[in-house]
Amino acid sequence: MTKLKTIFLFIVVILFTCNITPLLAQQKIGQWRVHLSYNQTKAVSVSNDKIYVAANDAVFYFNKSDNNISALSKVEGLSSIGVNTLRYNEPTQTLVIAYSDANIDIIKGAIIQNNSDIKRANVVGGKSIRHILFRNELAYLSCSFGIAVLNTERNEIKETYKLGSGTGVEVNSCTTDDTYIYAATDSGIYRAELSDPFIFNPAAWSKIIDRPASTGTFDFIQSFNSKIIINHVLTSGPYKDSLTIYDPISQSLTPLFQSGSKILSMQSSGDYLTLTDNNTLMVFDNNFSKTNYLQAVGAFTVPMEAQADGNVFWIADKNKGLLKFIPGQGSEVIVPSGPKSNRTALLDGSSDYTWVSHGVRFNNWTPVFVNDGFARFDNKEWKQFSGKAPDGKFTLDTIFDLVCIAADKSDKEHVYFGSFGGGLVEYNNGAITLYNGSNSIIKNQSIIANYNNVRVGGLAFDNDNNLWICNTIADTGLIVKKGDGKWKKYYTKSLAGGDYVTDIVADDNDQLWINIPVSGANKVGLYVYNHNGTLDDVSDDQAKLLTDEEGKGKLPSKAVRCMAKDRDGLIWIGTEKGVGVFYSPGAVFSNGNFDAQQILIQQETYNLYLLDKEVVQAITVDGANRKWFGTQSGGVYLTSSDGVEQILNFSEANSPLLSNNINSIKVNEATGEVFFSTDRGMISYQGDATLGSEACEDVLVFPNPVRETYSGPIAIRGLVNNGYIKITDIAGGLVTEMRANGGQAIWDGNNLKGERVSTGIYLAMCSDEQGTNTCIAKIAVVR
């Protein structure tokens with residue numbers, strides 16, 4: 001046994017005697033993970049041991065031997081999101097992924113190589129990659145400008161083929177036999193000899209089938225059983241598509257069949273040719289005998305693409321993910337854990353759950369009719385809530401545009417969702433209740449005649465657990481559902497009759513900060529309402545409209561996008577012209593100065609206002625009172641608690657962030673994980689700040705033990721808020737010291753000289769500023 005192993009075993013014994021419990025499931029500081037929907041899939045490719053699937057914004061694969069499902073995204077090293085198609089080549093064990101931005105990834109084992117040649121190319125017209133065909137190590141990419149040949153061994157575009165005259169014709173798909181390459185285009189079927197040294201010359205291509213007048217494109221072409229199968233889109237008559245068999249030897253055409261539905265895909269594999277339409281898998285054998293499999297897994301099945309794998313058929317479905325279909329045995333749904341939809345309007349929750357409302361928030365506050373319900377993440381798995389409510393009284397599929405959310409901090413199983421058209425949805429320990437004009441005082445939209453539409457634009461709990469509701473463009477804009485379940489509405493001049501009221505924040509002074517983004521064509525500002533702690537007595541209530549004028553709020557812009565209350569009770573607002581802070585929110589109704597202030601920061605030799613060139617759409621506060629800002633086009637910023645120091649900036653260019661357009665941000669106060677809702681889906685980042693307390697509680701160290709192969713940050717959690725930490729060796733010698741971010745401190749494993757510490761047991765001693773609340777954690781280090 002080596003000396004290192006002996007030391008390691010000794011440390012393990014000490015670990016158990018010192019009662020150190022490793023936290024195995026904890027994310028590493030700085031680690032990302034995606035939370036995408038994998039239900040809407042569009043392409044599937046079969047290998048000997050895996051099934052690769054393209055979802056709208058991600059890729060996953062299913063291992064046939066152990067039934068494991070693994071996802072691939074920017075976190076794992078993919079270069080883009082928005083997948084157009086993919087294809088696996090068994091002989092070279094290569095997966096090629098083509099994205100909507102014309103980027104390409106080539107994956108061999110654990111190695112991902114990017115090829116951005118087409119993305120960067122200056123091409124007249126579009127650069128969409130529509131289909132991938134493998135021939136040995138070459139991938140023939142059917143593109144809107146012709147055919148690009150990708151050498152996957154050398155990771156280079158070997159050559160491009162332009163078909164037709166002038167700017168060429170768009171190629172939808174291609175196939176080969178032993179002699180020719182064939183291309184299905186908008187104007188007809190072309191072919192060229194594979195061995196022609198001048199194949200890149202348009203003159204090398206001949207049109208063997210012309211598109212008949214008043215008909216559509218040729219979209220799919222496949223080589224099968226020594227024949228070429230062609231699909232032709234029809235634009236008139238009872239049929240949508242016409243399939244034809246082309247014989248390369250006799251150059252004859254034989255009709256195969258005509259379809260009353262649009263053909264969505266065509267693939268050949270082994271002894272089968274598979275086609276799909278809106279609800280049918282069609283399978284042709286070598287004799288061109290067709291079998292239809294209707295609705296392979298029940299209602300709402302839309303097979304976008306299918307491929308045979310012996311007698312098993314793998315289907316990429318538009319709604320249900322990957323389907324494994326065996327004739328006579330039924331189907332199995334295979335999909336990674338994730339929310340139903342990537343359209344996430346707002347996030348909220350507690351340390352146990354992160355709740356997601358599925359809707360579109362920044363769309364000029366007009367309905368877009370998203371009916372994907374809501375979802376819940378328990379830090380491991382996603383649970384989706386859609387379809388019929390448990391009591392059967394209504395279906396969430398009929399409730400559109402859940403644009404706001406308020407989670408009850410006193411009950412993790414209790415949360416409200418506001419629908420911009422359907423009313424208020426309450427989830428309470430499994431029961432789902434819908435409130436609208438029929439069973440509550442929430443009003444229907446009043447400015448559009450004969451339009452029964454209940455719009456809830458904002459929700460917030462106050463410190464007394466009363467739920468405040470923004471009832472937009474109704475005769476009253478503000479409603480409260482009190483903790484005892486009783487309702488009350490407040491008639492306020494600026495909120496009545498036509499104003500959009502959206503976000504709402506309750507501050508520490510019994511004041512409600514309400515966003516009025518538009519009134520007609522005008523930007524309005526903020527509305528502050530103070531009920532003075534007497535919900536049933538409106539005689540002492542106060543209200544004030546805040547604008548961009550000095551002495552009246554001095555907002556950076558009247559176009560307010562978001563608000564947040566920080567841990568000092570300050571009100572932060574995000575606008576179309578940056579950030580403003582109300583340092584004296586309690587002075588709004590006094591004669592003193594309460595105007596918002598913009599934060600002056602120094603950037604190189606210039607003084608600038610914080611994010612004044614950005615549209616700020618999301619603000620949240622972490623356990624250390626630091627501010628996370630989400631912008632419309634600049635990604636995410638983390639600043640110090642006062643906003644003066646920029647700590648982090650995440651964008652698509654420097655991180656796995658899915659998009660620079662951020663809808664919402666939520667921090668899990670217990671774990672420090674930060675969730676970002678973007679217009680392309682959701683992703684999270686393991687931050688280094690958690691919510692502290694007045695005393696140390698359940699102190700955890702991770703990783704623990706710190707093994708010789710680990711070189712990342714060591715997190716110490718459960719500390720007193722913003723406490724002081726000293727790391728010592730077992731003899732009490734000072735190793736280093738630091739300050740906690742909220743309830744968590746980060747140690748880099750080095751001493752005060754910047755040197756890595758040696759093998760041993762170390763003590764992390766934490767105390768508050770007064771030195772009264774203290775705790776000690778033990779850390780085992782193996783080098």
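That block above? That's the structure.
Definitions and limits used
Residues numbered from 1 in each chain as written. Predicted model: local features only at pLDDT ≥ 70, side-chain atom pairs only at ≥ 80, totals over all residues. Heavy atoms only, no water. Pairing = 2+ DSSP bridges. Helix = DSSP H or I, 4+ residues; strand = E, 2+ residues; numbered from the N terminus. Axes fitted to C-alpha atoms, helices over the stretch in contact; angles between N-to-C directions. Phe/Tyr/Trp six-rings, centres within 6.5 Å; stacked < 30°, edge-to-face > 60°. Buried < 20%, exposed > 50% of the residue type's maximum accessible area, 1.4 Å probe, protein only. Lys NZ or Arg CZ within 6 Å of the ring centre and 35° of its normal. Core = buried A, V, L, I, M, F, W, Y, C linked by side-chain atoms within 4.5 Å. 1 Å grid on protein atoms, 1.4 Å probe; cavity = no way out; pocket = protein on both sides within 12 Å on 5 of 7 lines; lining within 4 Å. Points joined across faces, edges and corners; volume = space filled by probe spheres on them. Nonpolar A, V, L, I, M, F, W, Y, C, P; charged D, E, K, R; others polar. Salt bridge = Lys/Arg side-chain N within 4 Å of Asp/Glu carboxyl O. Contact = heavy atoms within 4.5 Å. Polar contact = N/O pair within 3.5 Å; in protein donor to acceptor, adjacent residues only side chain to side chain. Lys, Arg positive; Asp, Glu negative; His and termini not counted. Disulfide = S-S within 2.5 Å.

Participant: Hey, could you go over the sheet that holds strand β31 (residues 354–358) for me, with residue numbers and the actual values?
Facilitator: Read from one edge to the other, the open sheet built from four strands follows the order β30-β31-β32-β33, with strand pairing classed as antiparallel. Here the strands that pair on one side only, and so sit at the sheet edges, are β30 (344–349) and β33 (382–385). Going across the sheet, the axis of each strand differs from the next one's by a mean of 20 degrees, ignoring polarity. Two elements, β31 and strand β32 (residues 374–377), share four bridges in a ladder whose sense is antiparallel. When the sheet's bridge partners are listed, T354 is paired in β32 with F377.

Participant: Can you explain the packing of aromatic side chains? Please cite residues and give values.
Facilitator: Under the defined criterion, the tally for this structure stands at 38 aromatic pairs. For the ring pair Y161 and W205, a centre distance of 5.8 Å and an interplane angle of 50 degrees mean the geometry is tilted. Of the two residues, Y161 sits in strand β13 (residues 156–161) while W205 sits in the loop between β16 (188–193) and β17 (206–210), which places them 44 residues apart along the sequence. With respect to class, Y161 is no different from W205; both count as buried. Geometrically, the ring pair formed by Y293 and F313 is tilted, given 6.3 Å between the ring centres and 40 degrees between the ring planes. Linking Y293 in strand β25 (residues 290–294) with F313 in strand β27 (residues 312–317), this pair joins segments that are 20 residues apart in sequence. Site record: aromatic cluster; members linked through ring pairs are Y353, W355, F374, F385, F417 and Y427. We note R191 situated over the ring of Y180; from NZ or CZ to the ring centre the distance is 3.8 Å. Taking NZ or CZ as reference, R739 lies 4.3 Å from the ring centre of Y724, over its face.

Participant: Summarise the pairing of strand β20 (residues 241–246); cite the residues concerned and give the values.
Facilitator: Of all the six residues making up β20, six are buried; the element is thus mostly covered by neighbouring parts of the structure. What you see with β20 is no split at all: D241, L243 and I245 on one side and S242, T244 and Y246 on the other are buried throughout. Relative to β20, strand β19 (residues 227–233) runs antiparallel, the two being bridged by six bridges. Counted as the bridge partner of V233 is D241 from β20. Between β20 and the antiparallel strand that follows it, strand β21 (residues 253–259), lie six residues; Q251 among them carries a positive phi value of about 55 degrees.

Participant: Tell me about the nonpolar core, and please be specific about residues and values.
Facilitator: Counting 35 residues, the largest nonpolar core has W355, F374, V425 and L459 as the members making the most contacts within it. Within the residue set of this core, elements represented by two or more residues are β34 (402–407), β35 (414–421), β36 (423–428), β37 (431–435), β38 (454–461) and β39 (467–471). By residue number, the principal contributor to this core is β34, which donates six residues. Core analysis: the next-biggest nonpolar cluster, separate from the first, contains 31 residues, A316, L322, A618 and L638 among them.

Participant: Which residues make up the layout of surface pockets, and what values go with them?
Facilitator: Looking at the largest pocket, its volume works out to about 1300 Å³. Elements with a contribution of two residues or more to the lining of the largest pocket: β30, β34, β38, β42 (504–506), β46 (560–565), β51 (616–621) and β55 (662–667). Classifying every residue of the lining of the largest pocket gives 21 nonpolar, 10 polar and 12 charged.

Participant: Outline the pattern of salt bridges, listing residues and values.
Facilitator: Applying the stated criterion to the full structure yields 27 salt bridges. For the salt bridge of R87 with E305, the shortest nitrogen-to-oxygen distance reads 3.4 Å. Placement of R87 in strand β6 (residues 83–89) and of E305 in strand β26 (residues 303–309) is noted, with a sequence separation of 218 residues between them. For R87, a relative accessible area of 7% corresponds to the buried category. Given a relative accessible area of 8%, E305 falls into the buried group. Close ionic contact of K565 with D508 constitutes a salt bridge, the shortest N to O distance being 2.8 Å. Of the two residues, K565 is situated in strand β46 and D508 in the loop between β42 and β43 (511–516); the sequence distance between them amounts to 57 residues. In the salt-bridge network here, residues are joined through shared partners; they are D219, D241 and K262.

Participant: I'd like a rundown of the pairing of strand β10 (residues 129–135), residues and numbers included.
Facilitator: Look at any regular strand and the pattern is simple: side chains alternate between the two faces of the sheet. Most of β10 is tucked away: five of the seven residues are buried. Pairing geometry for β10 and strand β11 (residues 138–143), over six bridges, is antiparallel. Bridge pairing in β11 links H131 to S142. Where β10 folds back on β11, the antiparallel hairpin that results is connected by two residues, among which N136 adopts a positive phi of roughly 60 degrees.

Participant: Which residues make up the sheet that holds strand β53 (residues 636–639), and what values do they have?
Facilitator: Spatial strand order, β51-β52-β53-β54: four strands in an open sheet with antiparallel pairing. Both edges of this open sheet fall to β51 and β54 (646–650), since each of them pairs with a single strand only. Within the sheet, the average angular offset between the axes of one strand and its neighbour, ignoring direction, is 15 degrees. Pairing geometry for β53 and β54, over four bridges, is antiparallel. What sits directly across from L638, in β54, is L648.

Participant: Account for empty space enclosed by the protein, with residues named and values stated.
Facilitator: Within the structure shown, the criterion is met by one cavity of 30 Å³ or more. Estimates place the volume of the largest cavity at around 40 Å³. When the residues that make up the lining of the largest cavity are grouped by side-chain class, the tally is six nonpolar, one polar and two charged.

Participant: Describe the environment of A506, with residues and values.
Facilitator: For A506, the position within the fold is in strand β42. Note on A506: relative accessible area 12%, which makes it buried. Expressed as a C-alpha distance, the spacing of A506 and H531, which sit 25 residues apart in the sequence, is 11 Å. Other than its neighbours up to four places away in sequence, A506 contacts F461, D462, Q511, L512 and K565.

Participant: Describe the side chain of T547, and please don't skip the residues or the numbers.
Facilitator: Take T547: it is sitting in the loop between β45 (542–546) and β46. Of the polar contacts made by the side chain of T547, one reaches the backbone nitrogen of E549; its length is 3.2 Å. Apart from residues no more than four positions distant in its own chain, T547 is found in contact with V524, K552, G553, K554, L555 and K558.

Participant: Residues and numbers for the side chain of D768, please.
Facilitator: Along the chain, the position of D768 falls in the loop between β63 (760–767) and β64 (774–781). Notably, D768 is buried but unbridged: the nearest opposite-charge side chain belongs to R739, and the N-O separation is 9.7 Å. Within polar-contact distance, the side chain of D768 engages the backbone nitrogen of G771 at 2.8 Å.

Participant: Outline the state of the cysteines, supporting the account with residue identities and numerical values.
Facilitator: Per the counting criterion, the structure on display carries one disulfide. With no disulfide of its own, C143 lies closest to C174 among cysteine sulfurs, the gap being 9.0 Å.

Participant: Which residues make up unusual backbone geometry, and what values do they have?
Facilitator: Of note, the bond from F702 into P703 is cis; its omega dihedral lies within 30 degrees of zero at -5 degrees. Here P703 is to be found in the loop between β58 (700–702) and β59 (714–717). Between N704 and P705 the backbone carries a cis peptide bond, its omega angle lying at 10 degrees. By secondary structure assignment, the location of P705 is in the loop between β58 and β59. One non-glycine residue, N67, adopts positive backbone phi at about 65 degrees. Among the secondary structure elements, N67 is positioned in the loop between β4 (59–63) and β5 (69–72).

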